[in-house]
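Understanding the architecture of this molecule
Chain residues, written in single-letter form:
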Amino acid sequence: MEQYALEQLKTIAKVSTTCKRLELTRRERIERWAESLERSPRPFLKTLHETEYQPIEDRIAMRDDDTPISVAFADPILRAAGMEDDSYGEAKRFFELSDGQLHELVCFCHFGERVSAATVARRVRKMADPKPSGFFAQLRAFFG
């Protein structure tokens, strides 16, 4: 396969460096993440250590290869929808999650060093549904 610099390509083809961002709702982005986790070739993924104890600047920058977040970033649809990298902070922004929600998905304290991709997929999918399930969850939502 031949490779050309962008300037070389412009001499032989019309090249657009802008791409219209794919518009997905929060729910669609979260559902796509769950699907990506379910398709992950790695059945077990790394966790991030002590996310809740990190200073905010460090927490936002946290990342590692082969994490649930890196699985999301590897998905071309999620990147086309605007996911910019595989950091904790970007996952929080892109999927519109709180620190508490993201902590429950990727932190070492919940799973140990590794977590099943299927387990994270189930948890991610639950976050796509804004309605609390179960009697006590509904009571908390009502009085909370």
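Above this text is the structure in question.
The following paragraphs examine the structure supplied in this document. All figures in this text were calculated on a predicted structure; none of them were measured in a lab.

Rules used in this analysis
Residues numbered from 1 in each chain as written. Predicted model: local features only at pLDDT ≥ 70, side-chain atom pairs only at ≥ 80, totals over all residues. Heavy atoms only, no water. Salt bridge = Lys/Arg side-chain N within 4 Å of Asp/Glu carboxyl O. Helix = DSSP H or I, 4+ residues; strand = E, 2+ residues; numbered from the N terminus. Buried < 20%, exposed > 50% of the residue type's maximum accessible area, 1.4 Å probe, protein only. Axes fitted to C-alpha atoms, helices over the stretch in contact; angles between N-to-C directions. Parallel < 35°, antiparallel > 145°, perpendicular 65-115°, else oblique. Left-handed = near helix turned anticlockwise from the far one by under 90°. Contact = heavy atoms within 4.5 Å. Nonpolar A, V, L, I, M, F, W, Y, C, P; charged D, E, K, R; others polar.

**A look at the pattern of salt bridges**
A complete count under the given rule lists 12 salt bridges for this structure. Measuring nitrogen to oxygen at the nearest pair gives 2.4 Å for the salt bridge that ties Arg 29 to Glu 96. One end of the pair, Arg 29, is in helix α2 (residues 26–39); the other, Glu 96, is in the loop between α6 (88–94) and α7 (99–106), with 67 residues separating them in the sequence. Judged by relative accessible area, Glu 96 falls into the partly exposed class, the value being 46%. Linking Arg 42 and Asp 66 is a salt bridge whose minimum nitrogen-to-oxygen distance equals 2.8 Å. With a gap of 24 residues between them, Arg 42 in the loop between α2 and β1 (44–46) and Asp 66 in the loop between α3 (56–61) and α4 (68–74) connect regions that are remote in the sequence.

**Considerations on the packing of α2 against helix α9 (residues 117–128)**
Where α2 contacts α9, the two axes come as close as 8 Å, and the packing angle between them is 170 degrees. Considering the angle they form, α2 stands roughly antiparallel to α9. The crossing of α2 and α9 is left-handed. In this structure, α2 uses Arg 26, Arg 27, Ile 30, Glu 31, Trp 33, Ala 34, Glu 35, Leu 37 and Glu 38 to contact α9, whose residues at the interface are Ala 117, Val 120, Ala 121, Val 124, Arg 125, Met 127 and Ala 128. In the contact of α2 with α9, the residues fall into 10 nonpolar, no polar and 6 charged.

Scope: geometric values only; no functional claims are made or implied.
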